[in-house]
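The residues making up each chain are set out below.
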Amino acid sequence: MDLRNIPDEEFFAEFERRSRCSQMMNRQMILLGPPGSGKGTQGPKLAEELCLCHVSSGDLLRDETSRGTALGVKAKEIMERGDLVPDDLMIDMIKDQFNKPQCNKGMILDGFPRTIPQVEKLESELNKVGKKIDNVVLFEIEDELLYERISGRRVHLPSGRSYHVKYNPPKIEGIDDVTGEPLIQRKDDTHATLEKRLKNYHSYTSPLIDYFTRKGNLLRLDARQSADKVFNQMFSFLKSPAGSH
């Protein structure tokens, strides 16, 4: 890339961003919570503020699906059933993110890990490169509220940005705020699929709450609040000494 062809405004904005990011601490985070609890809304915004990369397991899998790979075909069948993808597959996909430039300061994992064995495998891989899980944020909300949230969810697939027609609408209906590209409703955002995904969540993921509580790095958030309130509460904690250990 020839830097001389980049407009001054864009060049200096990127310079300022990198200067700010150089002062940020390196951290690895996990967002925990049932589907529709707000992880997809908060993850990209938090990643931008903390200079981390937002790694959504669902987006990684959907990328394979959109490219029609053998893995993508298999992943599509699994996700549409609401089942969990095999651990080894997910770990390999996450490991691929470690060395990407945008993940230099760390990452926010959204949708993975979901089980104790997955956490143990992830911690093992992080330890190999001198990293650890620094923060875990739990989005707590009743199942009944999630059905309305899921049915109204709209996403911008290339970026992973998530909206809701009622609770977090885009500035222009059906259009991504940043790129102006169309939003879609995912095929797995249905009542039947959510019911199965919630069953999986409570069966497999809930034990992680006890696990990270014992570790002392779990922040519990009331995800029923507005998106702005949830973000402000989460960001304030992560910038405090307690959230920066």
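Just so it is clear, the structure is predicted and the values come from calculations on it, not from any experiment. Residue numbers restart at each chain and count upward from 1, following the sequence in its written direction. With the structure being a predicted model, the display of local features is reserved for residues of pLDDT at least 70 and the display and counting of side-chain atom pairs for 80 or more, all residues being used for whole-chain, interface and lining totals. Hydrogens and water molecules were not included; the side-chain quantities draw on all heavy atoms of the structure.

A. View of the overall build of the protein. Comment: elements are numbered from the N terminus, with helices defined as DSSP H or I runs of at least four residues and strands as E runs of at least two. Along the protein, the regular secondary structure elements total nine helices and seven strands. By its C-alpha atoms, the protein is 50 × 40 × 40 Å across when sized along the principal axes. A simple rule labels every residue: compare its accessible area, found with a 1.4 Å probe on the protein chains alone, to the largest value its type can have, and call it buried under 20%, exposed over 50%, or partly exposed in between. For the protein, the proportion of its 245 residues judged to be buried stands at 44%. The contacts of the protein with a sequence gap of at least 6 include a subset with a gap of at least 24, amounting to 72%. With the model as given, the accessible surface of the protein reaches about 13400 Å², and the carbon-plus-sulfur share is 52%. In the protein, the 37 positive side-chain charges and the 38 negative ones have mean positions that sit 3 Å from each other. Contacts are assigned to residue pairs with any non-hydrogen atoms lying within 4.5 Å of each other. Each accessible area value is a Shrake-Rupley result obtained with a 1.4 Å probe; residue values ignore everything except the protein chains displayed when judging cover. Counted charges follow a simple rule, with Lys and Arg positive, Asp and Glu negative, and His plus the chain ends left uncounted. Every charge is mapped onto a representative atom, which is NZ of Lys, CZ of Arg, CG of Asp or CD of Glu.

B. View of the sheet that holds strand β1 (residues 27–32). Being paired, for any two strands, means DSSP has found at least two bridges between them. Ordered by their spatial adjacency, five strands build an open sheet running β2-β3-β1-β4-β7, and the pairing between neighbours is parallel. Single-partner strands in this sheet number two, and they are β2 (53–56) and β7 (218–222). With strand direction ignored, the average angle separating the axes of adjacent strands in the sheet is 20°. As defined by bridge partners, β1 adjoins strand β3 (residues 106–110) across five bridges and the pair is classed as parallel. Note on β3: the bridge partner recorded for I30 is L109. Angular values range over 0 to 180 degrees, each being the angle between N-to-C directions of two axes fitted as lines to C-alpha atoms, with helices fitted over their stretch in contact. Of the strands in this sheet, β1, β4 (135–140) and β7 touch helix α8 (residues 191–215), which is tilted by about 125° from β7. With respect to the sheet, helix α9 (residues 227–239) is in contact with β1, β4 and β7, its orientation differing from that of β7 by roughly 160°.

C. Representation of the pairing of β4 in the model. In terms of residue burial, β4 counts as a mostly covered element, since five of its six residues are buried. Bridging between β1 and β4 involves four bridges; their strand directions are parallel. The residue of β4 that forms the bridge with L32 is L138. Here β4 pairs with β7 via five bridges, running parallel. Considered in β7, the bridge of V137 is made with L219.

D. Representation of helix α3 (residues 57–66). For α3, every residue scored as buried is listed here: S57, G58, L60, L61, R62 and E64. Buried positions along α3 lie against β2, α4 (70–81), α5 (87–95) and β3. Positive backbone phi, at 70°, marks G68, one or two positions downstream of α3.

E. Local environment of unusual backbone geometry. Put simply, F112 and P113 share a cis peptide bond, and its omega is 0°. Take P113: it is sitting in the loop between β3 and α6 (116–128).

F. Examining the nonpolar core more closely. Nonpolar cores are built from buried Ala, Val, Leu, Ile, Met, Phe, Trp, Tyr and Cys residues. Side-chain atoms within 4.5 Å join them into one set. Within the largest apolar cluster, 31 residues are counted, with the highest numbers of intra-cluster contacts made by I30, I94, L122, I133 and F212. In terms of residue count, the dominant contributor to this core is α8 (five residues). What I30 contacts, discounting residues up to four positions off in sequence, is L109, F112, P113, L122, I133, N135, V136, V137 and F212. With 21 residues, the next largest nonpolar core counts A47, I108, V137 and L146 among its residues.

G. Region of the structure containing α4. Between its first and last C-alpha atoms α4 spans 17 Å; for 12 residues at 1.5 Å apiece the expected length is 16 Å, and the two agree. Three or more residues of α4 are buried, namely G72, A75, I78 and M79. The buried residues of α4 occupy an angular sector of 125° when projected down its axis, which confines them to one face. As for α4, its buried residues are in contact with α3 and α8. Positive phi shows up at G82, right after α4, with a value of about 80°. Each residue after the first adds 1.5 Å to the expected span of a helix. Read the arc as the range of directions from the helix axis to the C-beta atoms.

H. Here's a closer look at the packing of aromatic side chains. Each aromatic pair joins two rings of Phe, Tyr and Trp (for Trp, the six-membered one) with centres within 6.5 Å, and gets the label stacked for planes under 30 degrees apart, edge-to-face for over 60, and tilted for any other angle. According to the stated counting rule, one finds two aromatic pairs in the structure shown. A centroid spacing of 5.2 Å and a plane angle of 90° characterise the contact between Y211 and F212, whose relative ring orientation is edge-to-face. We note that Y211, like F212, is buried. With a centroid separation of 5.6 Å and 10° between ring planes, the pair formed by F231 and F235 is classed as stacked. With F231 and F235 both in helix α9, this residue pair falls four residues apart, about one helical turn. A residue is classified by how much of its surface remains accessible, and F231, at 5% relative accessible area, is buried.

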